[in-house]
Amino acid sequence: MSNTETNETQSLENLFADTNISMKSGHLVKDAELIGDGKFAKFRIATNKEFLDTEGKVRNMANYFNIIVSSNLKDAFAIAQSLKKGDWVYIKGEDSSRSIDTVEGYKDTGVTTFAYKVVLKKEKTEQVPDEGEASEANPQPA
């Protein structure tokens with residue numbers, strides 16, 4: 001490969017290097033856990049979305065996101081493995097989706113964010129309800 005081709009390839013890689021960047025901030029639903037023989041930290045965060053309904057009332061909706069951090073990313077992994085339920089975190093990473101066949105026979109899509117940056121914004125200050133407890137009447141902090 002010539003020097004010109006190498007530079008062009010690197011320029012194209014740099015151009016598209018950040019097209020799948022995802023940034024999220026939310027509270028942990030439960031403590032982070034180690035999976036894959038301790039090679040990955042896995043956790044789930046809850047975020048709030050506020051919107052106006054058709055009657056003009058402000059409503060809240062909780063969204064949940066699965067996050068995985070590799071032990072190869074030492075700084076992010078050190079923070080991720082020590083996270084506890086209720087901690088408020090900011091993550092930056094890449095989303096990956098996969099097709100899932102539900103019990104009812106439908107196709108669904110599952111999305112996991114592979115984080116390369118994890119920032120503990122604030123340690124647990126209040127209880128975050130479990131996923132099943134979240135509702136419009138009982139919104140989660142964001």
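Residues numbered from 1 in each chain as written. Predicted model: local features only at pLDDT ≥ 70, side-chain atom pairs only at ≥ 80, totals over all residues. Heavy atoms only, no water.

(A) Layout of the overall build of the protein chain. Across its full length, the protein chain carries two helices and six strands. When the helices and strands of the protein chain are listed from N to C terminus, the series reads α-β-β-β-β-α-β-β. Taking contacts inside the protein chain between residues at least 6 apart in sequence as the whole, the part at least 24 apart equals 59%. Of the accessible surface of the protein chain, which amounts to about 9500 Å², a share of 49% is contributed by carbon and sulfur atoms. (Helix = DSSP H or I, 4+ residues; strand = E, 2+ residues; numbered from the N terminus. Contact = heavy atoms within 4.5 Å. Areas by Shrake-Rupley, 256 points an atom, 1.4 Å probe, with all protein chains shown as cover.)

(B) Quick look at the pairing of strand E1 (residues 22-28). Counting buried residues in E1 gives five out of seven residues, a clear majority hidden from the surface. Taken together, the two bridges between E1 and strand E3 (residues 40-52) define a ladder with antiparallel strand orientation. Within E3, the residue paired with His27 across the bridge is Ala46. (Buried < 20%, exposed > 50% of the residue type's maximum accessible area, 1.4 Å probe, protein only. Pairing = 2+ DSSP bridges.)

(C) Geometry of the environment of Asp101. Along the chain, Asp101 turns up in strand E5 (residues 88-101). Beyond its immediate sequence surroundings of up to four residues, Asp101 is in contact with Tyr106 and Lys107. Within the structure, the side chain of Asp101 is placed 2.9 Å from the side chain of Lys107, a separation counted as a polar contact. (Polar contact = N/O pair within 3.5 Å; in protein donor to acceptor, adjacent residues only side chain to side chain.)

(D) How the structure looks around unusual backbone geometry. The backbone phi angle of Asp37 is positive, close to 60 degrees, even though this residue is not glycine. Mapped onto the fold, Asp37 is located in the loop between strand E2 (33-35) and E3.

(E) Molecular detail of the nonpolar core. Of all hydrophobic cores here, the largest spans 15 residues; its most connected members are Phe43, Ile67, Val69, Leu83, Val89, Ile91 and Val118. Apart from the residues lying within four places of it in its own chain, the contact partners of Val69 are Lys39, Phe40, Ala41, Phe43, Ala76, Phe77, Ala80, Ala115 and Val118. (Core = buried A, V, L, I, M, F, W, Y, C linked by side-chain atoms within 4.5 Å.)

(F) Seen up close, a nonpolar patch on the surface. Side chains of Ile21, Met23, Leu73 and Tyr116 sit close together on the surface and give an oily, nonpolar patch of about 340 Å² of accessible area. Leu73 sits in the partly exposed class, given a relative accessible area of 34%. (Patch = residues over 30% accessible without salt bridge, like charges linked within 9 Å, V, L, I, M, F, W, Y side chains within 5 Å. Salt bridge = Lys/Arg side-chain N within 4 Å of Asp/Glu carboxyl O.)

(G) The environment of Lys30, seen in detail. In this fold, Lys30 is placed in the loop between E1 and E2. Here the alpha-carbon distance between Lys30 and Lys84, two residues 54 residues apart in the chain, equals 6.5 Å.

(H) Just the pattern of salt bridges, in detail. This structure, assessed with the given rule, holds four salt bridges. Close ionic contact of Glu33 with Lys30 constitutes a salt bridge, the shortest N to O distance being 3.8 Å. A relative accessible area of 33% means that Glu33 is categorised as partly exposed. The residue Arg59 makes a salt bridge to Asp53 at a minimum N-O spacing of 3.0 Å. Relative accessible area serves as the criterion here: at 28%, Arg59 is assigned to the partly exposed category.

So yeah, pure geometry; function would need other evidence.
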